[in-house]
Amino acid sequence: MRYVLGHAAVTVVACAGDKLAPLAAALAARAPPGADPAAVATVVVWGDVTDEALADARAATGAAVVRFSDFEASGAAGAATPPAAATPADVCTVMYTSGTTGNPKGVMITHGGLLATVAGQARGFRQIGERVGQALGPSDVMLSYLPLAHIFDRALEELFLHVGASIGYWRGRIDGVLADIGALRPTMFIGVPRVFDRVYAGVLAQLNAASPIRRAVFGLAMWHKARAMDAGVRWDHASPLADRFVFGKVKARLGGRVKLVASGSAPLAPHVERFLKVAMCCPVVQGYGLTETCGASFCAMPVPSHTGRVGGALACLHYRVESVPEMACDALATPPRGEVLVRGPPVFAGYYKDAVQTAEVLDADGWFRTGDIGELAADGSLKIVDRKKSLFKLAQGEYVSPERVEGALLASPLVDQLWVTGDSLRAAPVAIGVPAEPALRSLASRTPGAPAAKASLADLCASPAVVAAALAELTAGGKAAGLRAFELPRALLLDPAPWTVETGLATPTFKLKRPQLRQKYGGAIQDLYRGVDRAAPPTKGL
């Protein structure tokens, strides 16, 4: 936050009362390396806040800190300022990336880019509606729980305003999101993989606690409906009895009215996508885009051939793939595979105050290099298969995609978050994870040498027996998912503290901040590798 306020030369900030203290602390703190000094002159506060808190913030920041009601009154007392004329090429918003690999970059989104994105999304949803017999209109409702500073939510909210639909805003606490969903009962649920992983894990935990008969009935219903859907039968005709008696309870977790589920920000794990398509009793599609492409750039159709894919580009975009020889990606192969390049009105105008990084990703012809590796199907739909910059090389010369490994291992209910990393001097990666407490306790109860049942979560995470059992279970899952031997983590560390935006280790859409994780766990990584060395069999002499 401190970096963005200085870099963008922000002069006015509006914040909720419970955010005033951390905002004041950030403004009062010394600017981080490479950051511009803060220029905030006015802070407008809404919600409950005491006079003492306002005075403390004024003293800490030197800014004018005022209540929203007073700000409104001062505006009403003055002369109205006419709006400035704007053209499609003018900058509408400087939206900062989440900063997963360094300082956030200010993405300059134009008025024309945002309007083109809304028009493209509207056409995409019309195409979906034509296939499933339902249109997006004024009666629809979405829940907004991603920050407006994230382009995925921002672009979709603009679309909902365009069609006259309604937007409900969550209370701002993750522990209340299910209650918010129940109160709002949205008709469209927009989410990111981390949220859907939680839905899947919750249902799985309930199944594991259920009787063998209930588990068998659920498994049979999943198999029967999935087989029908794979054969091309619509979701609502594939198994009406299963929908009524089995899957209706799953759908109720999202309010009971959802008629479309859309996931973006990162690829869904295949097992989670399959579960959602069967159990949500409505179409489930994936989309793809970046802040630099104004969010929603690709959207799948609710057809079997688009499972695991993000579909085709919006009508306002061109796209292609470019060969990446070092990753064995050939744009002329069958199927074509390479880095995804995008061009069109939604593409950003450049990074604010950063011509060097702009030139690295945006060429003179307007093609933007996404850094993502994609594979094209015969129908032109796109599948995101890798991330160009996240690969790391092992000692034997093999490349490892951490996202691929993490996605496979996160199919286990044991971990809520997982980070896989490696070293070019080592022959295998290691992993650090945040456990799912109920699943870890269940594993510990079956593990010889584990702490007592009443042990704290921290004690379980520190138990060598529990960690070894967890690593064995993750390894088995990785093998079942098709990971190669050199991709499987050789050692594991469990940390009971979740990685959040507040700790600086995750973005608002739950993506990992890998450089920050490496900085935090640098010593622990070396300890893990020393443990691997100790466990390795001695090398025989010649």
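Residues numbered from 1 in each chain as written. Predicted model: local features only at pLDDT ≥ 70, side-chain atom pairs only at ≥ 80, totals over all residues. Heavy atoms only, no water.

1. Side note on the overall build of the protein
Each helix and strand counted, the protein has 18 helices and 21 strands in total. Summarising its shape, the C-alpha atoms of the protein cover approximately 80 × 55 × 50 Å along the three principal directions. Restricting the contact set of the protein to residue pairs at least 6 apart, pairs at least 24 apart contribute 62%. Counting every atom, the protein has about 26400 Å² of accessible surface; 58% of that belongs to carbon and sulfur. (Helix = DSSP H or I, 4+ residues; strand = E, 2+ residues; numbered from the N terminus. Contact = heavy atoms within 4.5 Å. Areas by Shrake-Rupley, 256 points an atom, 1.4 Å probe, with all protein chains shown as cover.)

2. Details of the sheet that holds strand β21 (residues 492–494)
The strand order across the open sheet formed by three strands is β19-β20-β21, and the pairing between neighbours is mixed. Each edge of the open sheet carries a strand with a single partner, namely β19 (415–421) and β21. The mean angle between the axes of side-by-side strands here comes to 20 degrees, regardless of whether they run parallel or antiparallel. Of the strand pairs in this sheet, strand β20 (residues 430–435) and β21 are connected by three bridges, and their pairing is parallel. Looking at β21, one finds that A431 is bridged to L492. This element, helix α17 (residues 464–480), spans β19 and β21 of the sheet and lies at about 120 degrees to β21. (Pairing = 2+ DSSP bridges. Axes fitted to C-alpha atoms, helices over the stretch in contact; angles between N-to-C directions.)

3. Focus on the pattern of salt bridges
Counted under the stated rule, the structure contains 21 salt bridges. When the shortest N-O distance is used, the salt bridge between E473 and R446 registers 3.9 Å. Taken together, the residues span a long stretch of sequence, with E473 in helix α17 and R446 in the loop between α15 (437–445) and α16 (457–462) at a distance of 27 residues. Residue classification places E473 among the partly exposed residues on the basis of a relative accessible area of 31%. The class for R446 is exposed, based on a relative accessible area of 53%. Through salt bridges with shared partners, one network takes in R320, E322, E339 and R369. (Salt bridge = Lys/Arg side-chain N within 4 Å of Asp/Glu carboxyl O. Buried < 20%, exposed > 50% of the residue type's maximum accessible area, 1.4 Å probe, protein only.)

4. A look at the environment of V467
Mapped onto the elements, V467 comes out in helix α17. For V467, a relative accessible area of 15% translates into the label buried. Leave out the neighbours within four places in its chain, and V467 touches C461, L492 and L494.

5. Quick notes on helix α2 (residues 20–28)
Those residues of α2 not exposed but buried are L20, L23, A24, A26 and L27. On an axial view of α2, the arc spanned by its buried residues comes to 160 degrees, and they lie on one face. The elements touched by buried residues of α2 are α1 (2–7), β1 (12–16), β2 (42–46), α3 (51–61) and β3 (64–67). (Arc of directions from axis to C-beta.)

6. Concerning unusual backbone geometry
The omega torsion of the bond from T334 to P335 falls at 0 degrees, within 30 degrees of zero and hence cis. Non-glycine residue K353 carries a positive phi angle of around 60 degrees. With respect to the helices and strands, the residue K353 is situated in the loop between β14 (337–343) and α13 (355–361).

7. Considering the state of the cysteines
Per the counting criterion, the structure on display carries zero disulfides. Here C299 is not disulfide-linked; the sulfur of C316 is the nearest cysteine sulfur, at 12 Å. (Disulfide = S-S within 2.5 Å.)

8. Digging into the side chain of R2
Within the secondary structure, R2 sits in helix α1. R2 sits in the buried class, given a relative accessible area of 12%. Only 3.2 Å separates the side chain of R2 from the backbone oxygen of A26, close enough to count as a polar contact. (Polar contact = N/O pair within 3.5 Å; in protein donor to acceptor, adjacent residues only side chain to side chain.)

9. A short note on the confidence of the model for the protein
Confidence along the protein averages 88 in pLDDT terms, with 97% of residues attaining 70 or more. Across the protein, the secondary-structure element scoring lowest on mean pLDDT is strand β17 (residues 392–393), at 78, and the one scoring highest is β21, at 96. (pLDDT = per-residue confidence, 0-100.)

10. A few points about the nonpolar core
Counting residues in each nonpolar core, the largest one holds 61 residues, and the members touching the most others are F189, F218, F247, V261, F275 and M280. Of the residues forming this core, the biggest block, seven residues, is contributed by helix α8 (residues 193–209). Non-local contacts of F247, meaning those with residues more than four positions away in its chain, are made with F218, A221, M222, K225, A242, V278, A279 and C281. Listed in part, the 29 residues of the second largest apolar core include V415, L418, V467 and L483. (Core = buried A, V, L, I, M, F, W, Y, C linked by side-chain atoms within 4.5 Å.)

11. Here we look at the packing of helix α9 (residues 212–230) against helix α11 (residues 240–252)
Packing of α9 against α11 leaves a shortest axis separation of 11 Å and a crossing angle of 105 degrees. For the element pair α9 / α11, the angle class is roughly perpendicular. Along the contact surface, α9 presents V217, F218, A221, M222 and K225, while α11 presents A242, D243, V246, F247 and V250. (Parallel < 35°, antiparallel > 145°, perpendicular 65-115°, else oblique.)

12. Here we look at the environment of P304
Mapped onto the elements, P304 comes out in the loop between β11 (298–299) and β12 (312–313). Those residues within four positions of P304 in sequence are excluded, and the remaining contacts are M229, D230 and G232.

13. Describing the sheet that holds β2
Taken in spatial order, the three strands line up as β1-β2-β3 in an open sheet, and their pairing is parallel. Across the chains shown, the open sheet's two edge strands, defined by having one partner strand only, are β1 and β3. Averaged over all adjacent pairs, the angle separating strand axes in this sheet is 25 degrees, with direction ignored. The sheet contact formed by β1 and β2 spans five bridges and is parallel. Across the sheet, V12 pairs through a bridge with T42, a residue of β2. Strands in contact with α3 are β2 and β3; relative to β3, the strand with the most contacts, it is inclined by about 160 degrees.

14. Focus: the packing of α9 against helix α12 (residues 270–279)
Contact pair α9 / α12: the axes reach a minimum separation of 9 Å and the direction vectors enclose 90 degrees. With respect to α12, the axis of α9 lies roughly perpendicular. Packed against α9, whose contacting residues are F218, M222, K225, A226, M229 and D230, the element α12 presents R274, F275, K277 and V278 at the interface. When grouped by side-chain class, the residues that make up the contact of α9 with α12 number six nonpolar, no polar and four charged. (Nonpolar A, V, L, I, M, F, W, Y, C, P; charged D, E, K, R; others polar.)

15. Quick word on the packing of aromatic side chains
Inspection of every chain in the model, using the stated rule, returns eleven aromatic pairs. A centroid spacing of 5.3 Å and a plane angle of 75 degrees characterise the contact between Y200 and F275, whose relative ring orientation is edge-to-face. With Y200 in helix α8 and F275 in helix α12, the pair connects residues that are 75 residues apart, well separated along the chain. Each of the two residues, Y200 as well as F275, counts as buried. The interplanar angle of 80 degrees and the centroid separation of 5.5 Å between the aromatic rings of F348 and F368 together place this pair among those described as edge-to-face. With a gap of 20 residues between them, F348 in the loop between β14 and α13 and F368 in strand β15 (residues 368–376) connect regions that are remote in the sequence. Judged by relative accessible area, which is 4%, F348 ranks as buried. A relative accessible area of 2% means that F368 is categorised as buried. Cluster of aromatic residues (ring-pair linked, three or more members): Y145, W170, F189 and F196. (Phe/Tyr/Trp six-rings, centres within 6.5 Å; stacked < 30°, edge-to-face > 60°.)

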